[in-house]
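Here is how the chains run, residue by residue.
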Amino acid sequence: MNAPVFGTFGAAFPVTPFDADPAAAFIAAHHFDRPTLVVSRAKVAAQFDELQAGLGRARIHYAVKANPAPEIIRTLVNKKSGFDCASRGEIDLCLAQGAKPDQISFGNTIKRASDVAYAHGAGITLFAADSAAELDKIARHAPGARVYIRLIVENSLADWPLSRKFGCAGSALPALLDHAQTLGLVAYGLSFHVGSQTRKAEYWNPVLDQVAALWHAARAAGHDLQLLNIGGGFPAYYGQNIDAPRRYAAEVIRAIDARFGDVAHLMAEPGRGLVAQAGHIAAEVMLVSRKSEADLHRWVYLDIGRFSGLAETEGEAIRYQLVTSRDGGETGPCVLAGPSCDSADILYEKRPVQLPLDLQDGDKVMIRCCGAYTSSYSSVGFNGFPPLDVIVL
Ligand SMILES: *Cc1c(COP(=O)(O)O)cnc(C)c1O
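The text that follows walks through the structure, step by step, so that each part is easy to find.

Here is what the cut-offs are and how they apply
- Residues numbered from 1 in each chain as written.
- Predicted model: local features only at pLDDT ≥ 70, side-chain atom pairs only at ≥ 80, totals over all residues.
- Heavy atoms only, no water.
- Core = buried A, V, L, I, M, F, W, Y, C linked by side-chain atoms within 4.5 Å.
- Buried < 20%, exposed > 50% of the residue type's maximum accessible area, 1.4 Å probe, protein only.
- Helix = DSSP H or I, 4+ residues; strand = E, 2+ residues; numbered from the N terminus.
- Domains from an automatic or database assignment.
- Contact = heavy atoms within 4.5 Å.
- Near = heavy atom within 4 Å.
- Polar contact = N/O pair within 3.5 Å; in protein donor to acceptor, adjacent residues only side chain to side chain.
- Nonpolar A, V, L, I, M, F, W, Y, C, P; charged D, E, K, R; others polar.
- Pairing = 2+ DSSP bridges.
- Disulfide = S-S within 2.5 Å.

Let us now look at the nonpolar core. Counting 102 residues, the largest nonpolar core has Tyr62, Phe83, Phe127, Phe192, Leu228, Ile230 and Ile367 as its most contacted members. If one sorts the elements of this core by residue count, helix 9 (residues 245–260) sits on top with seven residues. Counting contributing residues, this core receives three or more from each of domain 1 (16–39 + 280–392) and domain 2 (41–275). Setting aside chain neighbours within four positions, we find Ile230 in contact with Leu55, Phe192, Trp204, Val252, Ile256, Leu266, Met267 and Ala268. Among the nonpolar cores identified, the runner-up in size contains nine residues, and Phe32, Val38, Ala282 and Met366 belong to it.

Listed below in structure tokens is the structure:
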């Protein structure tokens, strides 16, 4: 923790200049002896304000899994945010940071029965489900609760689609709403997720069309739906242009108003879009090598990889931007990999990354916009490499 290590960094960082980017400034000014995520609370708070301004009357329930740092939860509690929790652990975290039970939704459609009972006992009254068996479980352990049914959406245009793991088919919805009512639950509304990192607001339209048709059909069948939970999907900047958060959110809300009309309660669950840009990872080059003299690509091994925070490089889906202490000179293509002894620990190979030709071991690297889905994905210490450290400014 002494001399600045990224002397000429500013020029390589045009989108968020250092003076306005506390995490980048902190990384530039310090040494780290292990991979470290540095996140700025002020940036999270500012991003919350921008998203909320665009979302208008829609209530934000932060998706806690994106970054569960207690300081971030506390910051959002102070902003009067709600919280989308997936487990007892996340519920306890939010309660400990001052969230009230009515600010918390239990949004996982796969809940442990004892966790449902625990949430009910703690005063939480809003639960997600996508199956009859989960509704049975909720009715048993949280009698009278409000439930929203999660729908599968087709044709996600997201960079990190959420596949078919969550949600029920539209054809199953009427029976599930009836079932909830029969069980004495309040069939309160619907939810969906467009897929994470949905880069353009217009990509929501086909999904909104599907959900709106089901919403109106359910209401016509006599279900007094109150809540539309639009999930997450709000994008972060990874080098490809995105709209400013306020504008993006406002456009989504306009598209919803046009299709749904008067909805009593709107709720959004941003994760990535709220915290990703607030943090960067300080990392280090451990080795630069070639497999043979004829090898076209250098292999660059970092001290962080797939198992210590960069899980979203799976399928090369999320392409993080790298800034190095040698930026400014000539670059060449590199395969980028992590330090562990697992062959899956390769970050980018199909599409190599351009890095300075004079890069060498010991050089500092900053991985940009890593505030979401890094610390929460880091393993406990595969191969004895320490898990991602977190510093919250
Ligand atoms: C993970 C998750 C989110 C957050 O998604 P982002 O794309 O990061 O905004 C929202 N809702 C639910 C139910 C989730 O599981």
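Structure shown, so let's carry the discussion forward.
Around the ligand, 13 residues are found, and the nearest of them are Lys65, His193, Ser196, Glu269 and Tyr373. Between Glu269 and the ligand, the recorded distance is 2.6 Å, taken from a side-chain N or O atom to a nitrogen atom. Separating an oxygen atom of the ligand from a side-chain N or O atom of Tyr373 is a distance of 2.6 Å. A class-by-class count of the residues in the shell around the ligand yields three nonpolar, five polar and five charged.

On strand 1 (residues 36–39), burial covers both faces: Thr36 and Val38 on one face and Leu37 and Val39 on the other are all buried. Where strand 1 and strand 16 (residues 389–392) come together, four bridges link them in parallel fashion. Bridge pairing links Leu37 to Val390 in strand 16. Summarising the sheet, strand 1 and strand 10 (residues 279–289) pair through four bridges and their orientation is antiparallel. Across the sheet, the residue bridging to Val38 is His280, located in strand 10.

Along the chain, Tyr373 turns up in the loop between strand 15 (364–367) and strand 16. Look at Tyr373 and you get buried, because its relative accessible area is 9%. Each C-alpha atom of the pair Tyr373 and Val275 lies 9.3 Å from the other, and the pair is 98 residues apart in sequence. Ignoring anything within four residues of it in the chain, the contact list for Tyr373 reads Lys65, Ala66, Ser196, Gly271, Arg272, Gly309, Glu312 and Tyr320.

With that out of the way, let us pick up unusual backbone geometry. Note: most residues except glycine have negative phi, and most peptide bonds are trans. Positive phi, normally seen in glycine, also occurs at Tyr373, with a value near 60°. Unlike most non-glycine residues, Asn383 shows phi in positive territory, near 65°. Residue placement: Asn383 occurs in the loop between strand 15 and strand 16.

All right, on to the state of the cysteines then. Per the counting criterion, the structure on display carries zero disulfides. You can see Cys334 has no disulfide; the closest cysteine sulfur is in Cys370, sitting 18 Å from it. By relative accessible area, which is 0% here, Cys334 ends up buried. The thiol of Cys370 is not disulfide-bonded; the next cysteine sulfur, from Cys369, is found 7.4 Å away.

Any link to function would need more than the numbers given here.
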